[in-house]
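An overview of the molecular structure
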Amino acid sequence: MVNDYVALILSKSLRKWAGLGSLLLLPLAGSQAQAPVLTTLSPTRNAVAAPVADPITLTFSQSLAPSSTAAVRVWGNRRQGLRASSRSGSNPLVITPAQQFAPGESVSVSVPATVQSASGVAAVPAVYQFTAAAGAGPAVFVGGPDVPAGPRPQWLTVGDFNDDGNLDTLVPNSTGDPSANYLTLSFGDGRGNFSPGGTIPVAAEVLRTATLDVDNDGDLDLLACCYQSKTVNVYLNNGSGSFTPAGTIAVGEIPTLLSTGDIDADGDLDVLVGCGNGLNVCRNDGTGTFAVSALMPLTSSQVAPLLVDLDSDGDLDLLKANY
């Protein structure tokens, strides 16, 4: 009999596989300075309806050096990627994004060790996530205009790729010729209408895509799982919706699953890639260059890895469904 289940892997175990060690910085004994610890969050951790225009307020166990607060990073997965933000105060630290979040947007906040106390002690690294609120609707769907998708669409990703404040679409296509596949980009006008935005050639069949700001330049870049080449291809956005190949991540067979987040709390977004041989932990150096730091072997067939802080300790844990 086959038992389906969801595996929960807390971050200490995830870091073991990734070779990261512990992110917890233990307080120093005696009269030595203590590390700042993030104690209170607004919006709260894993909130599902955070106001789209409210600032982010972070309270620490002690005041921060104002010059170090720029190291706190805020990302969204629908608009701009890394959010340009103003900062005020040293405790609490109030972060006000220049552009409000999109309804339903997933937001990630990272406090790396480069954030310091007023006396120069590195903060305990922390990562947390929340979701921006979507307005109440009638939950009745009616037909709208079709979106150009190309032949044999494999997946659908949305995001504001050309930084005009409207959501666009990106669809991987399969032509039957591995050397002639491509991605179809369509630009939205904010009213449900879409116009052709061009194509992105790929030399393999793409089964999944993910958008995130891999180089922290304030726009949404692209990761594409390429079936035949056993790679994840990286494409950088120039901010106007034009993507340029920027390298590959060599992973295992049948890369079909992607989950992203700052798993090592160093201020950039990393990725987990699910393949036929397991989960590849791929660490980002902040420029969009990834290195596979570990392979978590398969215990059974798995789908949908998800990075989320399950135990509210300030780091990202792993959920993966097995069957």
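Residues numbered from 1 in each chain as written. Predicted model: local features only at pLDDT ≥ 70, side-chain atom pairs only at ≥ 80, totals over all residues. Heavy atoms only, no water.

A word on the packing of aromatic side chains. If you walk through the whole model with that rule in mind, you get 3 aromatic pairs. When the centroid spacing of 5.9 Å and the interplanar angle of 85° are considered together, the rings of Phe-101 and Phe-130 count as edge-to-face. Note that Phe-101 is positioned in the loop between β6 (93-97) and β7 (106-111) and Phe-130 in strand β8 (residues 126-131), a separation of 29 residues in sequence. Both residues of the pair, Phe-101 and Phe-130, count as buried. (Phe/Tyr/Trp six-rings, centres within 6.5 Å; stacked < 30°, edge-to-face > 60°. Helix = DSSP H or I, 4+ residues; strand = E, 2+ residues; numbered from the N terminus. Buried < 20%, exposed > 50% of the residue type's maximum accessible area, 1.4 Å probe, protein only.)

Spatially, β9-β10-β11-β12 is the arrangement adopted by the 4 strands of the open sheet, whose pairing is antiparallel. Edge positions in the sheet fall to β9 (157-159) and β12 (194-202), since each of these pairs with one other strand and no more. Each neighbouring strand pair of the sheet contributes to a mean axis angle of 20°, computed without reference to strand direction. Judged from the 3 bridges that link them, β9 and strand β10 (residues 168-173) form a sheet pairing that is antiparallel. Its bridge partner being in β10, Thr-157 is matched across the sheet by Leu-170. (Pairing = 2+ DSSP bridges. Axes fitted to C-alpha atoms, helices over the stretch in contact; angles between N-to-C directions.)

Looking at the element boundaries, Ser-110 is found in strand β7. Taking the relative accessible area as the measure of exposure, Ser-110 reaches 0% and is therefore buried.

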